[in-house]
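Results of the structural survey
One-letter residues, chain by chain:
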Amino acid sequence: MEKKARLDEIDGLRGVACVSIVFGFHSRAFFPNIVWMEYLAYFVEVFFIISGFMMGYNYKCSVKKISFKTYFSKRYIKLMSIYWIVFIVWVFILIYNSIRLKNVDCSEVNLLYLLFDFFGCLSGWVFPSLGINSWFFSVLNLCYILYYIILWFGSESEIINKQKYRMIVIGILVLSIIGIVKAWNYPFLYAGITLRGVGSFLTGSILYEIYKTISDRGGMFLAIIGDVIIVLTACFCKIVNCDFVQFLGNISVIMMIFICPVLVCNILWLNPVKKIFNNKIFRFFGSISMNVYLWHTVVLRFVHASYGFTIKGYIMMWILCLTIGSLSHFFVEPRVNNVLFKLAKI
C-alpha cells in the first residue's frame, strides 16, 4: 500500500479531538446537568495515539545514527516552546484572579506552591507538569524518551529488528494496562496520568505497524468489525438499561485499546469517514490544536474572573481560545522555534 507524505485526515482527527477535550474539561463548570459531556475529555488518548502513530511514520530506521540530543531537542522545542510562554502568562493570571476574586486560595500565588505544582508534587507525581490540564506535555516528553530507548534496544546496527521492536512495545503496553487497572501510584508510574499517556502512545505505535503491513481491504474489515462491536455493545446497554461507560469498565483502558484505535482505523481505511476528517475546517483546528489546548486553561482563568461560569463566559472562552491559539500558532510559535533551533544548532 502506497503511503502519502502527510496524512491530512490525521490532522483533522487531531482538531476534532482538541475541541472534544476542551468541551469535556469544562462541561461540569458550564453545563453541570449534561453528564455525558465529561467523557469527551477522554479523547486526550487520541492525541497520544496520533503521536505514537506519527513517530512510527516518521522514524522508519534505527535511531542509532541519530544522537539523542538531536532527536530529543527537536521534539522538545516543538512541543514545549509555547508551553513556557503560557507558564509565565499563567502566573500573572493567577495573581489577577486572586485580586478580582476574594475567595481564591492565596496559596495559588505562592511561588513555592507553583514550584511544587510544576513538578507534580501536588498530584503525587514527580515528572514535570503544570496543573492538571498540562500533564499531556510532560508525559509526551517522557514518551519521546521512551520511544528512543525502544528504538535503540529494538535495533541491530542501523536496522530495526521488527520482532524485537514489537515485543518491547507490546510488553510495555501490557504493563501500562496492568498498572492502570491496578491503580499503580508510584513516581513516574502514576496510573491516572503517566501510564494512561504511555499506553496510548504505544497503542499508536502498534497501529502504525498494522497500517504499514495490512492491505486496504484488511484495514476496512478491521474498522467495520470494530464499529459493529461498538454498536452492538451500545444497543445491549440500551436494552438492559445500563450505563455504557460503566458496562465497559475502566474508561481509560477502553479508550486506549479499543474505541480510539477503532476511530483511527475508520479514518485510515473507510473513505467516507476519511473525507469527513480531511476537510479544511477540521485540518485547521488540527493545526492550532496544541496551542488551543495550552491556552485554554489560562483563558478559562480570565473568563471565570470576568464573566463567571455563564453562557456568555462560555462563548467568550471559545472566542479567546481560538483567537489566541491561532495567533500563537501562526505568528509566535514559528519565530520562537526558529530562534531556539538556531541556539540548539539543529
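Summarised in this report is the structure supplied together with it.

Each value, and the rule that gives it
Residues numbered from 1 in each chain as written. Predicted model: local features only at pLDDT ≥ 70, side-chain atom pairs only at ≥ 80, totals over all residues. Heavy atoms only, no water. Helix = DSSP H or I, 4+ residues; strand = E, 2+ residues; numbered from the N terminus. Contact = heavy atoms within 4.5 Å. Areas by Shrake-Rupley, 256 points an atom, 1.4 Å probe, with all protein chains shown as cover. Phe/Tyr/Trp six-rings, centres within 6.5 Å; stacked < 30°, edge-to-face > 60°. Buried < 20%, exposed > 50% of the residue type's maximum accessible area, 1.4 Å probe, protein only. Lys NZ or Arg CZ within 6 Å of the ring centre and 35° of its normal. 1 Å grid on protein atoms, 1.4 Å probe; cavity = no way out; pocket = protein on both sides within 12 Å on 5 of 7 lines; lining within 4 Å. Points joined across faces, edges and corners; volume = space filled by probe spheres on them. Nonpolar A, V, L, I, M, F, W, Y, C, P; charged D, E, K, R; others polar. Core = buried A, V, L, I, M, F, W, Y, C linked by side-chain atoms within 4.5 Å. Polar contact = N/O pair within 3.5 Å; in protein donor to acceptor, adjacent residues only side chain to side chain. Expected span 1.5 Å × (residues − 1). Salt bridge = Lys/Arg side-chain N within 4 Å of Asp/Glu carboxyl O. Axes fitted to C-alpha atoms, helices over the stretch in contact; angles between N-to-C directions. Parallel < 35°, antiparallel > 145°, perpendicular 65-115°, else oblique. Left-handed = near helix turned anticlockwise from the far one by under 90°. Patch = residues over 30% accessible without salt bridge, like charges linked within 9 Å, V, L, I, M, F, W, Y side chains within 5 Å.

1. Some details on the overall build of the protein chain
When you go through the protein chain residue by residue, the secondary structure sums to 13 helices and four strands. Long-range contacts, defined here as pairs at least 24 residues apart, represent 73% of the contacts in the protein chain between residues at least 6 apart. Carbon and sulfur atoms provide 68% of the accessible area of the protein chain, an area that totals close to 17500 Å².

2. Description of the packing of aromatic side chains
Under the definition given, this model contains 24 aromatic pairs. An angle of 50° between the planes, with centres 5.8 Å apart, marks the rings of Phe 277 and Phe 282 as tilted. Classification of Phe 282 by relative accessible area gives partly exposed; the value is 25%. Judged by centre distance (6.0 Å) and plane angle (65°), the rings of Phe 284 and Phe 285 are edge-to-face. Overall, the relative accessible area of 22% leaves Phe 285 in the partly exposed class. Grouping aromatic residues by their ring pairs yields a cluster made of Phe 68, Tyr 71, Phe 72, Tyr 76, Tyr 148 and Trp 152. Between the NZ or CZ atom of Arg 75 and the centre of the ring of Tyr 144, over which it lies, the distance is 5.1 Å.

3. Focus on empty space enclosed by the protein
Rolled over the atoms, a probe sized like a water molecule indicates the empty space that remains. Taken as a whole and judged by the stated rule, the model has one cavity of 30 Å³ or more. Along its surface, the largest cavity is lined by Lys 78, Leu 79, Ser 81, Ile 82, Met 290, Asn 291, Leu 294 and Glu 333. Residue assignment for the lining of the largest cavity shows that the elements contributing at least two residues are α3 (68–100) and α12 (280–307). No other element matches α3, which puts four residues into the lining of the largest cavity. Considering only residue class, the lining of the largest cavity consists of four nonpolar, two polar and two charged.

4. Considerations on the nonpolar core
Core analysis: the largest hydrophobic core is formed by 80 residues, its most contacted members being Phe 53 and Met 317. The element best represented in this core is helix α5 (residues 135–153), accounting for 11 residues. In this structure Phe 53 touches Leu 7, Gly 204, Ser 205, Leu 207, Tyr 208, Tyr 211 and Leu 268, once residues within four positions along its chain are discounted.

5. Let's talk about the environment of Glu 209
Take Glu 209: it is sitting in helix α7 (residues 191–213). Here Glu 209 falls in the buried class, since its relative accessible area comes to 11%. Counting along the chain gives 43 residues from Glu 209 to Arg 166, while the straight-line C-alpha distance between them is 8.5 Å. Setting aside anything within four residues of it in sequence, one finds Glu 209 in contact with Tyr 165 and Arg 166. Only 2.8 Å separates the side chain of Glu 209 from the side chain of Arg 166, close enough to count as a polar contact.

6. What about helix α8 (residues 216–239)?
With 24 residues, α8 ought to run about 34 Å at 1.5 Å a step, and its terminal C-alpha atoms sit 35 Å apart, in line with that. Within the sequence span of α8, burial applies to Gly 218, Gly 219, Ala 223, Gly 226, Thr 233 and Cys 237. With its phi angle positive at about 60°, Asn 241 sits one or two positions after the end of α8.

7. Observations regarding the pattern of salt bridges
Inspection of the entire model under this criterion finds four salt bridges. Of the charged contacts in the structure, one is a salt bridge between Arg 166 and Glu 209, with a shortest N-O distance of 2.8 Å. Within this pair, whereas Arg 166 is found in helix α6 (residues 162–181), its partner Glu 209 is found in helix α7, the two being separated by 43 residues in sequence. For the salt bridge of Glu 209 with Lys 212, the shortest nitrogen-to-oxygen distance reads 3.4 Å. Residue Glu 209 and its partner Lys 212 are both found in helix α7; the two are separated by three residues, about one turn of the helix. Through salt bridges that share partners, Arg 166, Glu 209 and Lys 212 make up one connected network.

8. Description of the side chain of Ser 328
Residue position: Ser 328 is located in helix α13 (residues 311–344). If near-sequence neighbours (up to four positions away) are discounted, Ser 328 is found in contact with Ile 82, Asn 291, Trp 295, Glu 333 and Pro 334.

9. Focus: helix α10 (residues 251–269)
Between its first and last C-alpha, α10 extends 25 Å over 19 residues, near the 27 Å set by a 1.5 Å rise per residue. Most of α10 is tucked away, with 15 of its 19 residues classed as buried.

10. Side note on the packing of α12 against α13
Running from N to C, α12 and α13 point in directions that differ by 135°, and their axes come no closer than 6 Å. In terms of orientation, α12 lies oblique with respect to α13. For the pair α12 and α13, the crossing hand works out as right-handed. Looking at side-chain class alone, the contact of α12 with α13 contains 17 nonpolar, eight polar and two charged residues.

11. Topic: a nonpolar patch on the surface
A cluster of nonpolar side chains, namely Phe 284, Leu 327, Phe 330, Phe 331 and Val 332, defines an oily patch on the protein surface of about 450 Å² accessible area. When residues of the nonpolar patch are assigned to their parent elements, the largest contribution, four residues, is made by α13. Following the sequence through the fold, Leu 327 ends up in helix α13. Looking at Leu 327, the relative accessible area reads 44%, which means it is partly exposed.

Function cannot be inferred from these measures alone, as they are strictly geometric.
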